[in-house]
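# Examining the three-dimensional arrangement
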Amino acid sequence: MGILEAEFRPNPDYEIVPLPNLTDAECAAFEGLRDDPECFGILRPRDGSGLRIKSICRQTAALLDSLAVASGLPEQVRQLPPSEAERHVLDLVLGDAIQVRLDGVYRSGVAAFGLIVQPQAFKGELGRLAQLSLDAVRFGDALPIDDPLRLSAQIYFFNRLPQTPRWARLLPNDEAHARYLGIDAGGRCSKLLRALGGKMADAPELQGWLLWSARESGETSQRRSFSYKLYVSPRPEELPEALPKIVAAFVDFGVRRMKIGAGLGGLLRPDKIVAYFEEFGQLEAVAQRLLADLKGVAPHGVPFTAELGGAGLVSWGMDPHETRSFSWQETSSWRLWITNRLAAAILDARASPESGLTAWRYALERLSVEGVDVQTWAPTAEYERRIAAARRTQGS
């Protein structure tokens, strides 16, 4: 029997709470959700359940309400294409929102995983970035951290170079950093950067970054949806020679937004240069130009991105479309979205070993259900369709 034909029920370890009924503390934490018309409220864990609080949309709330009356899936789920319906149901079961009856017992989360998901097998040799990503997940699994945000941060920062005394002497302040890269007034990149667009003023969301964006009307800017990100990752000692070629390629191809890591910390992070694109075809064309222009440049390499060439010199990702669950959370990027989910899955697997997999392997399997090819770290075609649909809905 397929998963769509099984019996389900709302997870009794959760209480469904509409937004108007939140406590004062929950209202403060979930403030950002009030701006989302699709948000219904939260699932509040009952005492002793060990579950985490989470937000739910109106569609999920309606599904839970339906399952409280009948154990079969409602018509609105069955009308979805089978692959989309199955992904949606798997996500709710593995996320503990609903339970599925298996062997006469209702299960969810890790306890249900091995009975409803066939583990994947890695095929062939991994590329350099895929191996770096796998090493990062294993590193996270080995850390004695039980807080999901702290664990996510440690996984996210994997492959960041240390701030050695040599680098600290070479780049003691922001002015030295700008001179080193040639982005200061009169530097080798200054004229190219002016052609790319104006440097954005400091803002909380730009902390740690220097952003350049093409000048355009507010209405045009609001219509743009920069779904795709191109990562260019030379070793930091290669940047003074490589950056003019990188920015020149961006200018020639009409790239409208790019950012560079600020200060010494930005130089030593692997994802030190990021450009934004509306279409994957333009991203791919720029990547091919860069691979030709930067031939021989030593790569640093960005974990959790899909390699395009140069042993990790150039790679890509696709930002998710999601509303912040908590007021203190930043809007997720592709890499942060991934590491947040990896961290949560690692902690779930540690607490419930029923999956029969190591925590790091369970985390990979869990992420693959959500639309990431964990062998290449590219979004699946279904993930891309889902994000495109969400962005169209937002724009309508």
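Residues numbered from 1 in each chain as written. Predicted model: local features only at pLDDT ≥ 70, side-chain atom pairs only at ≥ 80, totals over all residues. Heavy atoms only, no water.

### Concerning helix H4 (residues 82-94)
A rise of 1.5 Å per residue sets the reference length of H4, with its 13 residues, at 18 Å; its end C-alpha atoms lie 18 Å apart and thus fit the reference within 8%. Ala-85, Arg-87, His-88, Val-89, Leu-90, Leu-92, Val-93 and Leu-94 are the residues of H4 that are buried. Positive backbone phi, at 70 degrees, marks Asp-96, one or two positions downstream of H4. (Helix = DSSP H or I, 4+ residues; strand = E, 2+ residues; numbered from the N terminus. Expected span 1.5 Å × (residues − 1). Buried < 20%, exposed > 50% of the residue type's maximum accessible area, 1.4 Å probe, protein only.)

### Notes on the nonpolar core
Ranked by size, the top nonpolar core spans 111 residues in total, and within it Phe-8, Leu-230, Phe-250, Met-258, Leu-290 and Trp-377 carry the most contacts. Broken down by element, the residue count for this core peaks at nine residues, all from helix H15 (residues 334-351). Excluding its chain neighbours within four sequence positions, the residues that come into contact with Leu-230 are Phe-250, Ile-273, Val-274, Ala-275, Phe-277, Leu-283, Val-286, Ala-287, Leu-290, Leu-308, Val-314 and Ser-315. Leu-22, Phe-30, Cys-39 and Ile-42 belong to the second-largest nonpolar core, a separate cluster that totals eight residues. (Core = buried A, V, L, I, M, F, W, Y, C linked by side-chain atoms within 4.5 Å. Contact = heavy atoms within 4.5 Å.)

### A word on the pairing of strand E8 (residues 209-213)
Every other side chain in a regular strand lies on the same face of the sheet, so the side chains alternate between the two faces. The buried fraction of E8 amounts to five of the five residues, a majority that puts the element mostly inside the structure. On E8, burial covers both faces: Trp-209, Leu-211 and Ser-213 on one face and Leu-210 and Trp-212 on the other are all buried. Summarising the sheet, strand E7 (residues 198-199) and E8 pair through two bridges and their orientation is antiparallel. Considered in E8, the bridge of Gly-198 is made with Ser-213. (Pairing = 2+ DSSP bridges.)

### Regarding the sheet that holds strand E5 (residues 98-102)
The antiparallel open sheet is built from three strands, whose spatial order is E1-E5-E6. Looking along the sheet, the strands with just one partner apiece sit at the ends: strand E1 (8-10) and strand E6 (105-107). Across the sheet, the mean angle from the axis of one strand to that of its neighbour is 35 degrees, orientation sign disregarded. Against the sheet, helix H2 (residues 58-67) contacts E1 and E5, and its axis sits at roughly 115 degrees relative to E1. The strands touched by H4 are E1, E5 and E6; relative to E5, the strand with the most contacts, the crossing angle is about 100 degrees. (Axes fitted to C-alpha atoms, helices over the stretch in contact; angles between N-to-C directions.)

### Quick look at the pattern of salt bridges
Side-chain pairing between opposite charges can occur once the charged atoms of the two side chains come close. Tallied over the full model, the rule gives 17 salt bridges. Among the ionic pairs, Arg-269 bridges to Asp-271, the shortest N-O distance being 2.8 Å. Like Arg-269, the residue Asp-271 is buried in the burial classification. Among the salt bridges present, the one from Arg-361 reaches Glu-365, with a minimum N-O distance of 3.3 Å. With Arg-361 and Glu-365 both in helix H16 (residues 359-369) and four residues apart, this pair spans about one turn of that helix. Through salt bridges with shared partners, a single network forms among Asp-91, Arg-341, Arg-366 and Glu-370. (Salt bridge = Lys/Arg side-chain N within 4 Å of Asp/Glu carboxyl O.)

### Let's talk about the side chain of Ser-315
Tracing the sequence through the fold places Ser-315 in strand E13 (residues 314-318). Looking at Ser-315, the relative accessible area reads 0%, which means it is buried. A polar side-chain atom of Ser-315 sits 2.7 Å from a polar atom in the side chain of Thr-305. Contacts of Ser-315, omitting those with residues within four sequence positions, involve Leu-129, Lys-229, Leu-230, Tyr-231, Val-302, Thr-305, Ala-306, Glu-307 and Leu-308. (Polar contact = N/O pair within 3.5 Å; in protein donor to acceptor, adjacent residues only side chain to side chain.)

### Description of the packing of helix H12 (residues 239-252) against helix H14 (residues 280-293)
When two helices pack together, their arrangement is given by the angle between the helix axes and by the axis-to-axis distance. Close contact between H12 and H14 brings their axes to 10 Å; oriented N to C, the two are set at 150 degrees. In terms of axis orientation, H12 runs roughly antiparallel to H14. Where H12 crosses over H14, the two elements pack in a sense that is right-handed. Together, Lys-245, Ile-246, Ala-248, Ala-249, Phe-250 and Asp-252 of H12 and Val-286, Arg-289, Leu-290 and Asp-293 of H14 make up the contact between the two elements. Its residues assigned to classes, the contact of H12 with H14 comprises six nonpolar, no polar and four charged. (Parallel < 35°, antiparallel > 145°, perpendicular 65-115°, else oblique. Left-handed = near helix turned anticlockwise from the far one by under 90°. Nonpolar A, V, L, I, M, F, W, Y, C, P; charged D, E, K, R; others polar.)

### Describing the packing of helix H7 (residues 148-156) against H15
Packing of H7 against H15 brings their axes to within 8 Å, and their N-to-C directions diverge by 125 degrees. In terms of orientation, H7 and H15 fall into the oblique class. For the crossing formed where H7 meets H15, the hand is right-handed. For the pair H7 and H15, contact is made by Pro-148, Leu-151, Ser-152, Ile-155 and Tyr-156 and by Arg-335, Leu-336, Thr-339, Asn-340, Ala-343, Ile-346 and Leu-347, respectively.

### Focus: the packing of aromatic side chains
Applying the stated criterion across every chain yields a total of nine aromatic pairs. An angle of 50 degrees between the planes, with centres 5.5 Å apart, marks the rings of Phe-139 and Phe-158 as tilted. Here Phe-139 is found in helix H6 (residues 128-142), whereas its partner Phe-158 is found in the loop between H7 and helix H8 (165-170), with 19 residues between them in sequence. Clustering of aromatic rings is evident, with ring pairs tying together Tyr-228, Phe-280 and Trp-316. Just above the ring of Trp-360 sits the side chain of Arg-138; from NZ or CZ to the centre is 4.5 Å. Geometry around Tyr-156 places Arg-335 over its ring, the cationic atom sitting 4.3 Å from the centre. (Phe/Tyr/Trp six-rings, centres within 6.5 Å; stacked < 30°, edge-to-face > 60°. Lys NZ or Arg CZ within 6 Å of the ring centre and 35° of its normal.)

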